[in-house]
Amino acid sequence: MLHRGHKGRSQMADLTRTSEAVAGCAGSSASGSAGSASANVLSLEAADTTVLLACPAGGLPEIVYWGPAPAHESADAPEHDASRRLSFWPQCDGPERLSLSPSPAYGFSGYPGIELHSDGRHTLPRFAIVAIRRGQESLAFELAADDARLTLTIETRLHPASGVLTIVSELINRSDSCYSLQWLTAAALPLPAEYRDVLTFRGRWGREFQPARQTLNDGLLMKESRVGRTSHHSFPGLLIGSPAFDDEQGSVRALHLGWSGNHRLLVERLRDDRIQVQLGELLLPGEVRLQPEERYRSPTLFAAWSETGLNGIRRQLHRYARADVIPGPGRLRQRPVHFNTWDAVRFDHDSQALDTLVGLAADIGVERFVLDDGWFRGRDDDRAGLGDWYVCERKYPDGLRWLVDRVHLAGMEFGLWFEPEMVNEDSDILRAHPDWRLGDLRQPLPRGRNQYALDLDRADVREYLLERLISLVRQYDIAYLKWDMNRDLIHPVSDGRPAARRQTMRVYELIDELRRSCPGIEVEACASGGARADYAMLKRTERIWPSDCHDPLERQTIQRSFSLFFPPEVMGAHIGPRRCSVTGRSYSPSLSALGTLFGHMGVEADLRDFSATELETLAAAIGIYRDNRDWLHCAETVWLPHDELSICMMLAAAGDQALVSVIHGSASRNWPPSALALPGLPAATRYQVSILFDTQNAAGTAAGAESMQTATGRELADRGVTLPPLGPASGVLLQALAVGGRK
Ligand code: DGJ
């Protein structure tokens, strides 16, 4: 079920007849986007998307259709109808319902949606719908277990502008005893049996967001983060779709869990060939023990669909993130060009060097200067100082004031790096408070990057951190805070009890409190590069740092995957040093610049190492970014499949222009290269196509735009443009600009 071919409306009506209507929702209808498709099939409709939910009386709600809005008169009804699936010996009688919270209490034999017990008993609550609440764009199902000891509420919402479906589940203990919760999926979604390809993302520091495609033939495919953060190795999101889906084609569904702690994703081919997918928080043993009237709320599941490959997913999720996730009303203000000191000076904060870098950065068009790690007491390498959030008196005898003033005078904002959650053993704060560490303090605690995590569940720890952060932000007019987190939390114990969940929630609270106390401050989420990229973090940060790898070729893969879930304006992208410290490979600064234009651009290199011509090239690239960011940051991102080139197109919402970055990694097979089709522009509009930036040109852009041809949108899609010959590790930026109106 659940996608393209769904069968007739008449069969929807059948579904109604096969089960009793639920008390309180029979025959009801709702206007707007939440409505009643039939007596016990309710619908959510918005932005060309329809979700149909069957609500059988005495049972659990289940999605029977999710995908493109059917044209109602001729619509085919959901082909999936669990109530009519035949069961056969030795299965239980009746269908195995794949509900939003599938349960063995109803004969479901796959991975259950909830696992819990009360002192070893009450392990199979049989939930059933007791009430349905409709909002303008939402449906909330209130379920009670048969003995009324538990309430489960499943909230579904279809976002009006994007059609993204969000689901959250909340469990309340209504009994007078304690329940231990082991698993509560945000929801279980059914997917078409013919889906085969599953795309997840793995990685490590310096090589994040590596796509991993697998075929789901049988059984369970499960990914988990047990490292107390979103993780490098298990991004909490996946795509699943028809065989060989790619950027431009295929039926695909995308799921993402907005959570920055331990999590579990699972896709299961059930024994009757249906597929279910579940995403939820991974709970440690004993981590959630619900006392009477206590509740557990799952993280939010975000779900998008596309019948036109991954670019359709990008379109839907970017629209959603812009409207509903990124902080602040509406769009972000213009994303200022950053300079970050990390790759230039590391811990060596020499005032002369910083002064020179401020001048050079301002000269090439940088707008925000971010002082990274190394500015605080005792921080000469990564073995000491973390936690002592006082400006280093040796490196900065008069504090940061001179630097902040210098940055402001040069016309830039000032930003500062912190890693609030961590301490080094060699720090005054840990010497004074050895019991502030997270973990079972009776045992030796594993260290990571020479550091320990602070126990954020302690009020004194939080008070200390907030006092330090807020007073520094106020004292130095800090516009921007890079919030880093550089180790896994594999032993999260607080006060003798598992604390991964509490630690994650406390991080959110700290950032929220900081933002409340320092209105206007912007925050970047970084965790050893890209280990904290998720919508819960994006809700409270303006920028996500995807990776410390500045290698422009490696970066193409990272950015391409990242762009599936996150819009370009929140993706930090920096021009790195000539030699990438992660891969050890060297590139021209112009190639590095080309790869950053479609993100939130910045520079992270020792500008003193660049020649005057190279600095001019960077200034030219920054100029292109500044001239175009207004429309780029609400544009549509399209990646084009190609076996040799890495091609990313940004299409202006107004259809009047596009920028295309074309990067060639290795030596080309054909010479000269074949024409490159550029789909997506309005067919009848005529465009002037130019090369705006060419990395094979000493100064990148040299004498300005080099005109190539004029063509209509249709011609560009059909015949394409002829590219200049591109050598290994080179690229061009093409511009298509509407001219002379319609053909
Ligand atoms: C890890 C981050 O990913 C880097 O960008 C940098 O901020 C270092 N931490 C500083 O220690």
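Residues numbered from 1 in each chain as written. Predicted model: local features only at pLDDT ≥ 70, side-chain atom pairs only at ≥ 80, totals over all residues. Heavy atoms only, no water.

## So, the overall build of the protein
Condition: Helix and strand definitions follow DSSP, with helices as H or I runs of at least four residues and strands as E runs of at least two, each counted in order from the N terminus. Residue burial is assigned from relative accessible area. The probe radius is 1.4 Å, only protein chains are included, and a residue is buried under 20% of its type maximum, exposed over 50%, and partly exposed in between. Here, two residues are considered to be in contact whenever any of their heavy atoms come within 4.5 Å of each other. The method behind every accessible area is Shrake-Rupley, applied with a 1.4 Å probe, and residues are considered shielded solely by the protein chains displayed.
Along the backbone of the protein there are 13 helices and 40 strands. Residue burial in the protein is summarised as follows: out of 743 residues, 62% are buried. Counted over contacts in the protein with a minimum sequence separation of 6, partners at least 24 positions apart contribute 71%. Element-wise, carbon and sulfur atoms account for 48% of the exposed surface of the protein, whose accessible area totals about 26,300 Å².

## Things to note about the packing of helix H4 (residues 351-364) against helix H5 (residues 401-409)
Rules: In this analysis an axis means a line fitted to C-alpha atoms, helices contributing only their contacting stretch, and an angle means the value between N-to-C directions, from 0 to 180 degrees. Roughly parallel means an angle under 35 degrees; roughly antiparallel, over 145; roughly perpendicular, 65 to 115; everything else is oblique. Whether a crossing is left-handed or right-handed is set by the direction in which the near helix is turned from the far one by less than a right angle, anticlockwise for left-handed and clockwise for right-handed. Each residue is assigned to one class: nonpolar for Ala, Val, Leu, Ile, Met, Phe, Trp, Tyr, Cys and Pro, charged for Asp, Glu, Lys and Arg, and polar for all the others, Gly among them.
At a minimum axis distance of 10 Å, the contact between H4 and H5 shows a crossing angle of 15°. Considered as vectors, H4 and H5 are oriented roughly parallel to each other. Like other packed secondary-structure pairs, H4 and H5 cross with a definite hand, here right-handed. Contacts from Ser351, Leu354, Asp355, Val358 and Gly359 in H4 reach Trp402, Leu403, Arg406 and Val407 in H5. Of the residues assigned to the contact of H4 with H5, the class counts are five nonpolar, two polar and two charged.

## Things to note about the nonpolar core
Convention followed: Put simply, a nonpolar core is a bunch of buried Ala, Val, Leu, Ile, Met, Phe, Trp, Tyr and Cys residues held in one set by side-chain atoms that sit within 4.5 Å of each other.
Leu239, Trp375 and Leu607 are the most contacted members of the largest nonpolar core, which totals 186 residues. Discounting residues that sit within four places of it in the chain, Trp375 has contacts with His349, Trp389, Tyr390, Val391, Cys392, Tyr396, Leu400, Leu416, Trp417, Phe418 and Leu472. If you look at the next biggest cluster of nonpolar residues, it comprises 23 residues, including Val638, Leu676, Val721 and Val732.

## Digging into unusual backbone geometry
A negative phi holds for most residues other than glycine; trans holds for most peptide bonds. A positive phi angle, near 95°, is found at Ser231, a position not held by glycine. Topologically, Ser231 is positioned in the loop between strand E15 (219-225) and strand E16 (237-241). Ser231 sits in the buried class, given a relative accessible area of 4%. One non-glycine residue, Asp495, lies in the positive phi region at around 55°. Mapped onto the elements of the fold, Asp495 is located in the loop between strand E29 (493-494) and strand E30 (497-498).

## Structural notes on the environment of Leu270
Secondary-structure assignment places Leu270 in the loop between strand E18 (263-269) and strand E19 (275-281). As a C-alpha pair, Leu270 and Ser109 span 161 residues in sequence and 8.1 Å in three-dimensional space. Sequence-distant contacts of Leu270, defined by excluding residues within four places in its chain, comprise Leu98, Phe108, Gly110 and Gln276.

## Digging into the packing of aromatic side chains
Let me state the cut-off plainly: Ring pairs shown here join Phe, Tyr and Trp side chains whose ring centres sit within 6.5 Å, with only the six-membered ring taken for Trp; geometry is labelled stacked below 30 degrees between planes, edge-to-face above 60, and tilted in between. Here, a charge over a ring means that NZ of Lys or CZ of Arg falls within 6 Å of the ring centre while also lying within 35 degrees of the ring normal.
On inspection of all chains with the given rule, the structure shows 23 aromatic pairs. Between the aromatic rings of Trp259 and Tyr508, the centroid separation amounts to 5.8 Å while the plane-to-plane angle is 80°, which identifies the pairing as edge-to-face. Of this pair, Trp259 sits in the loop between strand E17 (252-258) and E18 while Tyr508 is found in helix H8 (residues 500-517), placing the two residues 249 residues apart along the sequence. Comparing Trp259 with Tyr508 shows no difference in burial state: the two are buried. Aromatic side chains Trp436 and Tyr464 sit 5.8 Å apart centroid to centroid with 50° between the ring planes, which places their arrangement in the tilted category. Separated by 28 residues along the polypeptide, Trp436 in the loop between helix H6 (428-432) and strand E27 (451-453) and Tyr464 in helix H7 (residues 459-475) bring together distant segments of the chain. The rings of Phe201, Phe209, Phe235, Phe302, Tyr320, Tyr535, Phe562, Phe565 and Phe566 are connected pair by pair, giving a single aromatic cluster. When the ring centre of Tyr106 is taken as origin, the NZ or CZ atom of Arg126, which lies over that ring, is 4.0 Å away. Lying across the ring of Trp545, Arg555 places its NZ or CZ 5.0 Å from the centre.

## A few points about the side chain of Ser427
Let me state the cut-off plainly: As used in this structure description, the phrase polar contact means that two N or O atoms lie within 3.5 Å; if the pair is within protein, one of them must be able to donate a hydrogen and the other to accept it, and residues adjacent in sequence are counted only when both atoms belong to side chains.
In this structure, Ser427 sits in the loop between strand E26 (422-424) and H6. Among the residues examined, Ser427 registers a relative accessible area of 0% and is labelled buried. Polar side-chain contacts of Ser427 include one of 3.2 Å to the backbone nitrogen of Leu430.

## Thoughts on the site of the ligand
This is how it is decided: Throughout this document, a residue counts as near a molecule or strand when at least one of its heavy atoms sits within 4 Å of that molecule or strand.
Contacts to the ligand come from 13 residues, most closely from Asp372, Asp373, Lys482, Asp484 and Asp548. Between the ligand and the protein, one listed contact pairs an oxygen atom with a side-chain N or O atom of Asp372 at 2.7 Å. Take Lys482: an N or O atom from its side chain is 2.8 Å from an oxygen atom of the ligand. Within the complex, the protein chains bury 98% of what would otherwise be the 300 Å² of accessible surface of the ligand.

## Let's talk about the pairing of strand E33 (residues 572-575)
Note the threshold: By definition, two strands form a pair when at least two bridges between them are found by DSSP. Looking down the strands as they point away from the viewer, one classifies a crossover as right-handed if the path from the first strand across the helix to the second runs clockwise.
Of the two faces of E33, the one holding Gly572 and His574 and the one holding Ala573 and Ile575 are both buried throughout. Pairing between E33 and strand E34 (residues 600-603): four bridges, direction parallel. Within E34, the position partnered with Ile575 by the bridge is Val603. Assessed by its sense of winding, the connection that carries the chain from E33 through helix H11 (residues 589-594) to E34 is right-handed.

## A few points about the side chain of His232
Counting through the fold element by element, His232 comes out in the loop between E15 and E16. A relative accessible area of 14% means that His232 is categorised as buried. Here the side chain of His232 touches Ser528 through a polar contact of 2.7 Å, landing on its backbone oxygen. Among residues more than four places away in sequence, those in contact with His232 are Arg202, Gly203, Arg204, Trp205, Glu208, Ala527, Ser528, Gly530 and Ala531.

## Considering the sheet that holds strand E28 (residues 480-483)
Strands sit in the order E32-E31-E28-E25-E24-E23-E34-E33 across an open sheet of eight strands; the sheet is parallel. Two strands bound the open sheet, and with one partner strand each, they are strand E32 (543-544) and E33. Looking at chain direction, strand E23 (residues 338-340) and strand E24 (residues 368-371) are connected through three bridges and run parallel. Its bridge partner being in E24, Phe339 is matched across the sheet by Phe369. Lying over the sheet, H8 contacts E28 and strand E31 (522-525), oriented at roughly 170° with respect to E28.

## Things to note about the pairing of strand E7 (residues 114-117)
On E7, burial follows the alternation: Ile114 and Leu116 on one face are buried, whereas Glu115 and His117 on the facing-out side are not. Alignment of E7 against strand E12 (residues 179-191), held across four bridges, turns out to be antiparallel. Looking at E12, one finds that Glu115 is bridged to Trp183.

## Remarks on the confidence of the model for the protein
Threshold: Scored from 0 to 100, pLDDT reflects the predictor's confidence in each residue.
For the protein, mean pLDDT is 91; residues scoring 70 or higher make up 90% of the total. Note that pLDDT drops below 50 for residues 1-32; the model gives that stretch 91 contacts with residues more than four away or on any other chain. Note that residues 73-87 has pLDDT below 50 and, in this model, 49 contacts with residues that lie over four places away or in other chains.

## Details of the state of the cysteines
For clarity, the threshold we go by: Cysteine sulfur atoms are paired as a disulfide whenever they fall within 2.5 Å.
Counting across every chain of the model gives zero disulfides. As a non-bridged cysteine, Cys549 has Cys580 as the owner of its nearest cysteine sulfur, 4.2 Å distant. A residue is classified by how much of its surface remains accessible, and Cys549, at 0% relative accessible area, is buried.

## Quick word on helix H2 (residues 310-325)
Among the 16 residues in H2, 12 count as buried, and that is most of the element. Those residues of H2 that fall on the buried side of the exposure criterion are Leu310, Asn311, Gly312, Ile313, Arg314, Gln316, Leu317, His318, Tyr320, Ala321, Arg322 and Val325.

## Overview of the pattern of salt bridges
Counted only if it meets this: For this document, the term salt bridge refers to a Lys or Arg side-chain nitrogen within 4 Å of an Asp or Glu carboxyl oxygen.
For the coordinates displayed, the defined rule picks out 61 salt bridges. Linking Glu293 and Arg174 is a salt bridge whose minimum nitrogen-to-oxygen distance equals 3.0 Å. Of the two residues, Glu293 sits in the loop between strand E20 (288-290) and strand E21 (295-297) while Arg174 sits in the loop between strand E11 (165-173) and E12, which places them 119 residues apart along the sequence. One salt bridge in this structure joins Asp457 and Arg506, with 2.9 Å as the shortest N-O distance. One end of the pair, Asp457, is in the loop between E27 and H7; the other, Arg506, is in helix H8, with 49 residues separating them in the sequence. It is possible to trace a salt-bridge network through shared partners that takes in Arg333, Arg335, Arg368, Glu413 and Glu522.

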